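What the coordinates show
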Amino acid sequence: MGKKKSVVLMVLLTIVIVALCVITAFPVFTLPGTEGIKSWNPAVMQFDLGSELDGGHYAYYYPEGVIPETEYDILTEEQQSDYVQYGESGLYLSTDMEKGILKADKLTLRDDFVENFDAAKDEICARFAAKGYVDYSVSVVDGCALRIELPTEETETNTEYTSLQYANQAFTLFAVTGDIGLEIGGEAVKLDGEEVHANKLIKSIKAKTQYNKVAYLEIVFTKAGQKVLKQFQSDVTAGTTDANGTAISTLDLTLGGESMMQITPDLIADDSVVKYSIAEAGDKRYVETLAILLNSAMENGGYDIEFTVSEARTFEAVYRGNNTLYFVFGAVGAMILALIVFAIVKMGRFGVVNAYASLSYIVITLLCFAFITSGSFPISAGSVFIFLFGLILVNVFQYLIYNAIKKEFSLGKTVESSIKGGYKKTLWLTIDVYAVLLLAALALLIGAAGLQIFAIQAIICVIAAAFCSLLWARGINFVFLSASKNKYKYFRFVREDDDDE
């Protein structure tokens, strides 16, 4: 490639990378005197932060017969005698054998309690996962209570709900562990004289909105369920009464024996679909949470354990509290600048190639983090770690390539031959390292529960770093070297000639 073409290409490449860096990470600022666009927001401001960086909310789930120390302290002495302290977290457990928590020795949890507790815990985890809380945390406290943590959520502009209220909705609903049922006149529905479980009558329960405003549950019934609906409509029309002599007017959908919603004939459409509006909470998020709970109960039944939910509370980010995002950006930015300066000092103009490769890696990963995984894969401390790890890899391999080229040159080869030899000798090492890292990330994605978010972000970082190390940096080096007048100064090479007389 000629020098003029190389210079032009180098200028264009610089403009593109600078523009992408501005789009990705230029600081937020307000645009005065403009219409339409009021402020500048870079891609990094689109990140959804995990609870480690943005704080969140937490609540405790206590099984019946398990109470915290604060509740124990307000009991009378007679009531306190029915409890015993258990574990190291200030929990008190009922010694009443009917509660089914402790064995006769009053020191060990009963096996059936542990089994029921674990089963309920797994189902609660599945509910939060179905809600999209990919950054949620469910911790077991002393084997007999749960601590649930949720990240801070963005609130809808057309509602007065706060992030804490959203979290409290999920905490409260997902703690319900009763079985789902259908009742007419206070009695479980029957077909041909026999009780039928709700999962045989209901095909699906979905959260939907009408006119993008009114949220409602769409309950689709099976063929057997349609018979129940027809019988219910017939009973209402005929004025049939229940066991107490009260006229039947509603079909109750229950959870753990408690009525969750009362279906009236006017809500039944097409003889198979019920559209039940949630007037008290028009926000679709609440309806989605309720749908997940009902589907969970319908698919998996109830559990022989009941939870009491503590008051939901807010916690600050683990690392800094407020303004965590700016703290992280500042620390990462300082590290990036240090790597770039160090590379230029150590490797001369080849260090500039390294800087372009590093900036390219940063742009690729941050844009992927902001848009490909936005809303589903929040940025956590692990995300920052894997991002920096990939950046360091790019710099390390560039330094290894530089040393390999330098070693080839010391053997008396030309600059062009040294470059080919340096790249060739480091090629398979680079491929092997990135291949192993990619396989490790894929293994996390497939087999590690709770690490799927980190695994996907790791895959993005590994692929971006491999691309920059194996292809992109080499292409940039070719362009820059072609535009360079003095290839010795480009690499800071000095040819030492021995005088042989």
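Since we're looking at a predicted model, the values are computed, not measured.

**Points about the environment of Ile202**
Here Ile202 shows up in strand E13 (residues 202-210). In this structure, the C-alpha to C-alpha distance between Ile202 and Ile219, residues 17 residues apart in sequence, is 7.1 Å.

**Remarks on unusual backbone geometry**
The phi dihedral of Lys106 falls on the positive side, at around 60°, and the residue is not glycine. Of note, Lys106 is situated in the loop between strand E6 (91-94) and helix H5 (111-131).

**Comments concerning the packing of H5 against helix H6 (residues 163-174)**
At a closest axis distance of 10 Å, the pairing of H5 and H6 adopts a crossing angle of 145°. The chirality of how H5 crosses H6 is right-handed. Residues Ile124, Arg127, Phe128 and Lys131 of H5 lie in contact with H6, whose contacting residues are Ala170, Phe171, Leu173 and Phe174. Class assignment for the residues of the contact of H5 with H6 results in 6 nonpolar, no polar and 2 charged.

**A few points about the pattern of salt bridges**
Pairs can form between side chains of opposite charge whenever their charged atoms are close. Under the defined criterion, the tally for this structure stands at 9 salt bridges. Residue Lys121 is joined to Asp122 by a salt bridge in which the shortest nitrogen-to-oxygen separation is 3.8 Å. Here Glu408 and Lys413 are joined by a salt bridge, their closest N and O atoms 2.4 Å apart. We classify Glu408 as buried; its relative accessible area is 2%. Judged by its relative accessible area of 32%, Lys413 is partly exposed.

**Things to note about the packing of aromatic side chains**
Using the criterion set out here, one finds 17 aromatic pairs in the structure. Between Phe385 and Phe389 the ring centres are 6.3 Å apart and the planes differ by 20°, which places this aromatic pair in the stacked class. Of the two residues, Phe385 and Phe389 both sit in helix H11 (residues 381-410), 4 residues apart, roughly one turn of that helix. When its relative accessible area of 52% is taken as the criterion, Phe385 is described as exposed. Taken together through their ring pairs, the aromatic side chains of Tyr61, Phe113, Phe117 and Phe307 make up a single cluster.

**Notes on the nonpolar core**
As a rule of thumb, soluble globular proteins bury nonpolar side chains together. Judged by nonpolar contacts, the single largest core of 66 residues is most densely connected at Tyr61 and Phe128. It is helix H8 (residues 284-300) that contributes the most residues to this core, 9 residues altogether. Sequence-distant contacts of Phe128, that is, excluding residues within four places in its chain, are made with Tyr61, Tyr133, Tyr136, Ile148, Leu150, Ala170, Phe171 and Phe174.

**Remarks on the sheet that holds strand E9 (residues 180-184)**
Judged by pairing direction, the sheet is antiparallel, and its 4 strands sit side by side in the order E10-E9-E15-E16 without closing on themselves. Looking at the sheet topology across the chains shown, the edges are occupied by strand E10 (187-188) and strand E16 (258-263). Bridging between E9 and strand E15 (residues 251-255) involves 5 bridges; their strand directions are antiparallel. Its bridge partner lying in E15, Ile184 is registered against Leu251. Its contacts with the sheet put helix H7 (residues 223-238) on E9, E15 and E16, and the angle it makes with E9 is roughly 30°.

**As for the confidence of the model for the protein chain**
On average, the protein chain scores 83 in pLDDT, and the residues at 70 or more come to 84%. Counting interchain partners and residues more than four positions distant, the pLDDT-below-50 stretch residues 497-501 has 0 contacts.

**A look at the environment of Ala167**
Within the secondary structure, Ala167 sits in helix H6. For Ala167, a relative accessible area of 1% puts it in the buried group. When neighbours within four sequence positions are excluded, Ala167 is seen to be in contact with His57 and Leu150.

**Quick notes on the packing of H11 against helix H13 (residues 452-483)**
Relative orientation of the contacting elements H11 and H13 amounts to 15°, with a least axis distance of 9 Å. Considering their axes alone, H11 and H13 lie roughly parallel with respect to each other. Once H11 is placed against H13, the crossing between them reads as right-handed. Of H13, the residues touching H11 (which contributes Gly382, Ser383, Ile386, Phe387, Gly390, Val394, Phe397 and Gln398) are Phe454, Gln457, Ala458, Cys461, Ala465, Cys468, Ser469 and Ala473.

The rules we used
Residues numbered from 1 in each chain as written. Predicted model: local features only at pLDDT ≥ 70, side-chain atom pairs only at ≥ 80, totals over all residues. Heavy atoms only, no water. Helix = DSSP H or I, 4+ residues; strand = E, 2+ residues; numbered from the N terminus. Axes fitted to C-alpha atoms, helices over the stretch in contact; angles between N-to-C directions. Left-handed = near helix turned anticlockwise from the far one by under 90°. Contact = heavy atoms within 4.5 Å. Nonpolar A, V, L, I, M, F, W, Y, C, P; charged D, E, K, R; others polar. Salt bridge = Lys/Arg side-chain N within 4 Å of Asp/Glu carboxyl O. Buried < 20%, exposed > 50% of the residue type's maximum accessible area, 1.4 Å probe, protein only. Phe/Tyr/Trp six-rings, centres within 6.5 Å; stacked < 30°, edge-to-face > 60°. Core = buried A, V, L, I, M, F, W, Y, C linked by side-chain atoms within 4.5 Å. Pairing = 2+ DSSP bridges. pLDDT = per-residue confidence, 0-100. Parallel < 35°, antiparallel > 145°, perpendicular 65-115°, else oblique.

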